[in-house]
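One-letter residues, chain by chain:
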Amino acid sequence: MTVEVGTELPVARYELSRADLATYAEASGDRNPIHLDEATARAVGLPDVIAHGMLTMGLAGTVVADWAGDPSRVLSYGTKFTAPVVVSADEPAVVEVAGTVVAVDAEAGTAEVDLVVTSAGAKVLTRARAVVRLR
Amino acid sequence: MTTVSVDESFAGRVYPPNGTTTVTADAVRAFARAVRAAHPSHHDTAAANELGFADVVAPPTFAVTLAQAAEAQFISDPAAGIDFSRVVHGEEQFTHHRPIVAGDELAAEVHVDRVRVVRGNAMVTTRTELTLADGTPVTTVTSMLVVRAPEEP
């Protein structure tokens with residue numbers, strides 16, 4: 001695999017239902033009711049139940065790890081959370097993940113990937129960056 | 001303007017490790033399923049062995065489960081004044097010093113790096129250092145939470 005600045009990762013598309021949020025809550029131990037209960041979410045001023053930011057970040061992390069070919073090659077990974085992924089009771093939310101290589105360090109054998117993660121037309125992660133070991 | 005009543009004096013506090021937590025293969029598999037990580041090294045011990053790991057490997061964001069459990073010492077302390085239902089995630093950063101593998105016994109030390117109130121909202125930055133019991137660095141997890149101010153009545 002030749003990796004250079006501008007190399008694009010395969011675009012991924014995930015559907016998130018309320019059940020998927022419950023699965024993440026159990027797996028992560030983060031049972032904040034704003035991710036599980038509509039009444040609580042609305043009571044604190046949110047439009048509806050929202051996905052855990054860490055679930056969205058986790059999905060994008062999966063895209064990077066799959067591209068790297070070995071999950072342990074993801075050396076660092078960070079993001080800001082700029083908009084919530086709103087998950088209604090009626091239909092799943094859609095999260096799309098795209099990634100582009102923005103830097104390559106040939107000596108260190110690493111590449112830096114910039115991720116663009118959107119849902120319902122909004123950018124939900126900002127400055128989502130991962131450094132990946134290439135070999 | 002309403003403002004949150006988070007105690008800014010918590011900045012600088014350090015919560016030393018409260019024992020160790022053993023990472024189980026079941027926890028790694030369940031987390032991997034939740035983030036749709038299908039790579040065999042998360043699920044199949046033999047596949048992980050082939051890549052040189054002693055057991056299944058955690059996905060890149062798995063460390064948050066250990067960090068959040070440790071951060072709770074601070075976040076859930078009534079004296080800190082954080083209303084969890086008003087918390088949203090601002091930023092998260094993982095720096096992996098070595099992979100997390102099932103069977104690892106990890107200790108978590110939580111540093112409250114910053115607490116500040118901006119326009120009524122509190123921004124709380126913690127850094128959790130995950131290490132092996134002998135102190136070998138594993139993952140540094142930096143997390144910024146926003147505690148949103150109550151709506152105007």
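I will try to describe carefully the structure that is included in this document. (Residues numbered from 1 in each chain as written. Chains lettered and ligands numbered in written order. Predicted model: local features only at pLDDT ≥ 70, side-chain atom pairs only at ≥ 80, totals over all residues. Heavy atoms only, no water.)

Some words on the overall build of chain B
At step 1: Along chain B, the regular secondary structure elements total 4 helices and 6 strands.
At step 2: Seen in sequence order, chain B has helices and strands lined up from the N terminus as β-β-α-α-α-α-β-β-β-β.
At step 3: In terms of principal-axis extent, the alpha carbons of chain B reach across some 60 × 35 × 20 Å.
At step 4: Burial statistics for chain B: of 153 residues in total, 50% are counted as buried.
At step 5: Taking contacts inside chain B between residues at least 6 apart in sequence as the whole, the part at least 24 apart equals 69%.
At step 6: Accessible area of chain B: about 6700 Å², with a carbon and sulfur share of 52%.
At step 7: With 11 positive and 19 negative side-chain charges, chain B shows a separation of 7 Å between the mean positions of the two kinds. (Helix = DSSP H or I, 4+ residues; strand = E, 2+ residues; numbered from the N terminus. Buried < 20%, exposed > 50% of the residue type's maximum accessible area, 1.4 Å probe, protein only. Contact = heavy atoms within 4.5 Å. Areas by Shrake-Rupley, 256 points an atom, 1.4 Å probe, with all protein chains shown as cover. Lys, Arg positive; Asp, Glu negative; His and termini not counted. Charge placed at Lys NZ, Arg CZ, Asp CG, Glu CD.)

Overview of the interface of chain B and chain A
At step 1: Counting residues at the interface gives 32 residues for chain B and 35 residues for chain A.
At step 2: Interface of chain B and chain A: buried area, both sides summed, is about 2800 Å²; carbon and sulfur atoms make up 60% of it.
At step 3: Counting across the chain B and chain A interface gives 2 salt bridges.
At step 4: With a closest N to O distance of 2.7 Å, Glu91(B) and Lys80(A) form a salt bridge.
At step 5: Counting across the interface, chain B meets chain A through 10 residue pairs in polar contact (both at pLDDT 80 or more).
At step 6: The set of elements that each furnish at least two residues to the side of chain B that touches chain A consists of helix H1 (25-34), helix H2 (40-43), helix H4 (63-75) and strand S3 (87-96) of chain B.
At step 7: In terms of residue class, the side of chain B that touches chain A is built from 14 nonpolar, 12 polar and 6 charged.
At step 8: One ladder, built from 5 bridges, connects strand S2 (residues 74-81) of chain A with S3(B); its direction is antiparallel. Its bridge partner being in S3(B), Gly78(A) is matched across the sheet by Gln93(B). (Buried area = accessible area lost by both parts, 1.4 Å probe. Salt bridge = Lys/Arg side-chain N within 4 Å of Asp/Glu carboxyl O. Polar contact = N/O pair within 3.5 Å; in protein donor to acceptor, adjacent residues only side chain to side chain. Nonpolar A, V, L, I, M, F, W, Y, C, P; charged D, E, K, R; others polar. Pairing = 2+ DSSP bridges.)

Digging into the pairing of strand S5 (residues 122-133) of chain A
Residues and elements named next belong to chain A.
At step 1: One ladder, built from 6 bridges, connects S2 with S5; its direction is antiparallel. What sits directly across from Phe81, in S5, is Leu125.
At step 2: Direction of pairing for strand S4 (residues 110-119) relative to S5: antiparallel, over a ladder of 9 bridges. Following the sheet pairing, Leu115 is matched in S5 by Ala128.
At step 3: In this structure, the hairpin formed by S4 and S5 is closed by a connection of 2 residues, where Ala120 is found at a positive phi of approximately 50°.

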